[in-house]
Structure formats: structure tokens, C-alpha cells
Amino acid sequence: MNKKKIIEIRVNHGYQEPTILGSDYHFGGGWGLTTGKPILVPNRDWRPFLPPFEPQSRNIETNACTQYATLEGAESLIKRKFGFIKNHSDRALAILSNNSIYGNDPNITAQTLRDNGAMPEEEFPFTDKIQSWEEFMNPAPYTKDELSKRSKEWGFDFKYEWVKIDPEKMWNALQYSRLCVSVMAWRKEG
């Protein structure tokens, strides 16, 4: 009997599983951030509020999907609530949240955005001139402290809460915000 041996290789690109604490905000917990708040998008269709597309990888893989997803969610909320588009530096958030070559924990990324804010993309962009992950993570011409100081000037109060992986809770949560959801990727089949 000839059995094929299947070898699965998982490449870890950008997502590190978070540690969610009982003290974190949880959607539908009765004391979360959305309790008593007005519904923002009753039809749950956030497409009109999506920020313009921004490539996460150019000549290199940034492994910064948690930073891109977190900022895109925040930028969608800004567009919905205030009616204008803001583009923030995913690269600065990656540096401030200590992103690694293996990615980052979305809880660390969200908390970093909450603590530090974000700086404008035009002040600290990710361009085609960046040729390595090390260059992407280099804060020059700023220091990391200067990035933090400049990011704190962003003018928004960012908070986040966890939504249980439950279709009904997720469907309800979409009335208040976009959801960042991790999915399995990078597996080739066949």
C-alpha cells in the first residue's frame, strides 16, 4: 500500500495569537465600549467608509498585517464618524508596537495605538525605496521616542473591545465598528 506523505508547512506571516484578559473590554458583556452607544452602520456595510487601498508589501513582506488591519479599522471609524479620510503610518505603528519578523499580537498593536496614537503616513511613509524588513523597522530619521511623541498628536481617542467568535455577536458588533478577524492563510493545497 502506497501512502502519500503530506507535509504541511505553515509560514508565519504577521499574526501572533493574542492573550485576551478578563479585564479587557468584551462586546456584549454589559460594560463594553458600545453599551448604550448609537449604532453607526445599521446595515453593517462598512464599504463606503473603507480607506483607500494601501499595499502591505512592496519589495518586501512587512509582516505587519496587525498594524495595517488595526489602522484601517480606525480610519474607517474616523471616516464614518467625522466624514473625512485620514491615512496613518502603519510603519510607525509597527515600530512602536515592536513588530517582529514573525508579526505581532493584535492586542499589543491595539494597545500601542491606544497609548501612542498614530502619525500621518506622509510624515513616515512605506515606499518602494525600502528594500528590507530591517529598513521598514528602522525609525530613522526619527528616534523611537520621537515617533511616539509625534504619534501622540493624532487627536483621537482609540479604544477597542474583543468580540467572541460567535456569528450573532459578530453580526451585532458590525453595527458599531469594522471587525478585525484572523484567518488561516499561506497554505497551499493540491
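Look up a bit, the structure's there.
Throughout what follows, the structure given in this document is the object of discussion.

Quick notes on the rules
- Residues numbered from 1 in each chain as written.
- Predicted model: local features only at pLDDT ≥ 70, side-chain atom pairs only at ≥ 80, totals over all residues.
- Heavy atoms only, no water.
- Helix = DSSP H or I, 4+ residues; strand = E, 2+ residues; numbered from the N terminus.
- Buried < 20%, exposed > 50% of the residue type's maximum accessible area, 1.4 Å probe, protein only.
- Lys, Arg positive; Asp, Glu negative; His and termini not counted.
- Salt bridge = Lys/Arg side-chain N within 4 Å of Asp/Glu carboxyl O.
- Contact = heavy atoms within 4.5 Å.
- Phe/Tyr/Trp six-rings, centres within 6.5 Å; stacked < 30°, edge-to-face > 60°.
- Lys NZ or Arg CZ within 6 Å of the ring centre and 35° of its normal.
- Core = buried A, V, L, I, M, F, W, Y, C linked by side-chain atoms within 4.5 Å.

## Brief notes about the side chain of D90
Alright, step 1. The residue D90 is located in helix α2 (residues 90–96) in this model.
Alright, step 2. Buried and without a salt bridge, D90 has R58 as its closest oppositely charged side chain, separated by 8.3 Å.
Alright, step 3. Setting aside chain neighbours within four positions, we find D90 in contact with E54, Q67, Y68, L71 and E121.

## Some details on the packing of aromatic side chains
Alright, step 1. Considering all chains together, one arrives at 8 aromatic pairs under this definition.
Alright, step 2. A ring pair is formed by Y160 and W162, whose centres lie 6.5 Å apart and whose planes are at 85 degrees; its orientation type is edge-to-face.
Alright, step 3. Owing to a relative accessible area of 15%, Y160 belongs among the buried residues under this scheme.
Alright, step 4. Under the relative-accessibility criterion, W162 is labelled buried at 18%.
Alright, step 5. A connected cluster of aromatic rings, assembled from ring pairs, spans F82, F84, W154 and F156.
Alright, step 6. The aromatic ring of F126 is capped on one face by R58, whose charged end is 5.3 Å from the ring centroid.
Alright, step 7. Lying across the ring of F124, R91 places its NZ or CZ 4.0 Å from the centre.

## A short note on the nonpolar core
Alright, step 1. The biggest cluster of nonpolar side chains holds 15 residues, and the ones touching the most others in it are F124, F126, F136, M137 and L147.
Alright, step 2. When contributions to this core are tallied by element, the ones reaching two or more residues are α2 and α4 (133–136).
Alright, step 3. Top contributing element to this core by residue count: α2, with 4 residues.
Alright, step 4. Setting aside its immediate chain neighbours within four residues, F124 contacts S89, R91, A92, I95, M119, N138, P139, A140, P141, Y142 and L147.

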